[in-house]
Amino acid sequence: MVVSFVISFNGGPHKSPRIDLSDNCGDLDNCADVARDIKYCQAKGIKVLISVGGSEGPYHKESWDPDLFAWWMWNKFLGGDDRTVSRPFGDAVMDGVDFDPESIDGDGFDRHIHVLRQLFKTQYPPRDYLISSAPQCPDLDYYSKNAVYNILHPAPKYDAYPDLVFVQFYNNYCSASAHTGRGARSDFNFDEWDQWAQQRTQGRAKIYLGILGKENRYDTGYVNYEKLTVILDDIKRHKSFGGVMMWDAGYAYANPVPLLQGLSYGQATAKYLEQLSTGHAKSAMAFDQISRDFRTHQVPVLVPYSQNDTHLADTNMPCKGQSFILLRSVSGRALAESFGIAASTIDAHFQDIGMNVNDPFNPGSRLCLGTHDNDIVLSYVYNATSLDDERVADYYY
């Protein structure tokens, strides 16, 4: 989580930095609500950084000293213990600094970050602080007023490479919306950022896909959730891939994704990232269990079909949903459990209708999946007591 922005590097009392949190803090010398939020997030294991720069602010015209600015940042927001310094977030200690300088020269930023890292080492007991940066996707190239270039290409004598790089893949020709598929040529340049991380930082820096949390009238390059999953499937192969950054949290959590039961864009993306990181192990375990169940007829094998299909015998049972045909026998309990029905409910229902839960449903049985109260339900099962259609008998097993 990034709190934005430090908009002046030396415009406060005694040449201290000043912040602007938009409408999230009325008294910039005592942001008590923000301080509580910082501690709440940290208690949940979420790192919270303070961001320097932004598109607007006095820093664009300021002349500043890298060492003095580092001292102020250390004591005002991080682990510094100079009690004469006022701290807008009280005793909340932020987890690092994010750099988003825009439209200025980059002189001094590598030196500034290097001094910050030296101050980090004075913390006792030791604490891991992070340096991050939020460049735009074209910023690997040098051009006038590209301050981030100095951060991405520091002088060799400085320990200044960022740990996390939140690349803004929006509002540019190389935006996420330019992605055209794995291996296809496009302006989307995540590959170049991965190459930079591997060659320049020896793989230390992690690259985050920065995207818009919602389509809006101020920004360009938004991709919907379905397109985002395609992009993530492509770039997850890169060793430097660290995750997803969204601008901003308000957008991301006010953007519901269709057909995902009310999940917001931010929530759905978090779940997809979790699946990408743990999915292989979980899938292997699931397939192992399915394989064992398959051998013992404890998992149903279903094929969807249309009720308008004249090649199959008509059951005269209407289905307001999707019809399936069962290809191999399976017990009533196994069939019901595969649709998430609780064992106690299964036992009670089968007892009411006079069936044994272990009685089989035969190959050729027809099932209907429908909806009820916005849930997918098993509407009915027509149990084939014999093969209803001898023409497809060879496909049953």
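This text follows the structure it describes.
The structure reproduced in this document is the subject of the present report. (Residues numbered from 1 in each chain as written. Predicted model: local features only at pLDDT ≥ 70, side-chain atom pairs only at ≥ 80, totals over all residues. Heavy atoms only, no water.)

**Things to note about the state of the cysteines**
Enumeration according to the criterion identifies three disulfides in this entry. A sulfur-sulfur separation of 2.1 Å characterises the disulfide bridge that pairs Cys25 with Cys31. Handedness of the Cys25-Cys31 disulfide follows from its S-S torsion of about -90°: it is left-handed. For the pair Cys25 and Cys31, a shared accessibility class is recorded, and that class is buried. Residue Cys137 pairs covalently with Cys174 via a disulfide, S to S 2.0 Å. Handedness here is read from the sign of the S-S torsion; for Cys137 and Cys174, about 90°, the answer is right-handed. A residue pair is termed long-range when its members are at least 10 positions apart, and Cys137 in the loop between β5 (130-133) and α4 (148-152) and Cys174 in the loop between β6 (164-168) and α5 (190-200) qualify at 37 residues. Under the relative-accessibility criterion, Cys137 is labelled buried at 0%. The connectivity of the disulfide-linked cysteines in the chain, indexed sequentially, is 1-2, 3-4, 5-6. Cys41 takes part in no disulfide bond, and the closest cysteine sulfur, belonging to Cys31, lies 15 Å away. (Disulfide = S-S within 2.5 Å. Buried < 20%, exposed > 50% of the residue type's maximum accessible area, 1.4 Å probe, protein only. Helix = DSSP H or I, 4+ residues; strand = E, 2+ residues; numbered from the N terminus.)

**A few points about the packing of helix α2 (residues 66-77) against helix α3 (residues 109-120)**
Closest axis-to-axis distance for the α2/α3 pair is 8 Å, and the angle between their directions is 40°. The orientation of α2 with respect to α3, classified from their angle, is oblique. Regarding α2 and α3, the two cross each other, and that crossing is right-handed. Taking contact as the criterion, the partners of Pro66, Asp67, Phe69, Ala70, Trp71, Met73 and Trp74 in α2 are, on α3, Arg111, His112, Val115, Leu116, Leu119 and Phe120. Split into classes, the residues belonging to the contact of α2 with α3 amount to 10 nonpolar, one polar and two charged. (Axes fitted to C-alpha atoms, helices over the stretch in contact; angles between N-to-C directions. Parallel < 35°, antiparallel > 145°, perpendicular 65-115°, else oblique. Left-handed = near helix turned anticlockwise from the far one by under 90°. Contact = heavy atoms within 4.5 Å. Nonpolar A, V, L, I, M, F, W, Y, C, P; charged D, E, K, R; others polar.)

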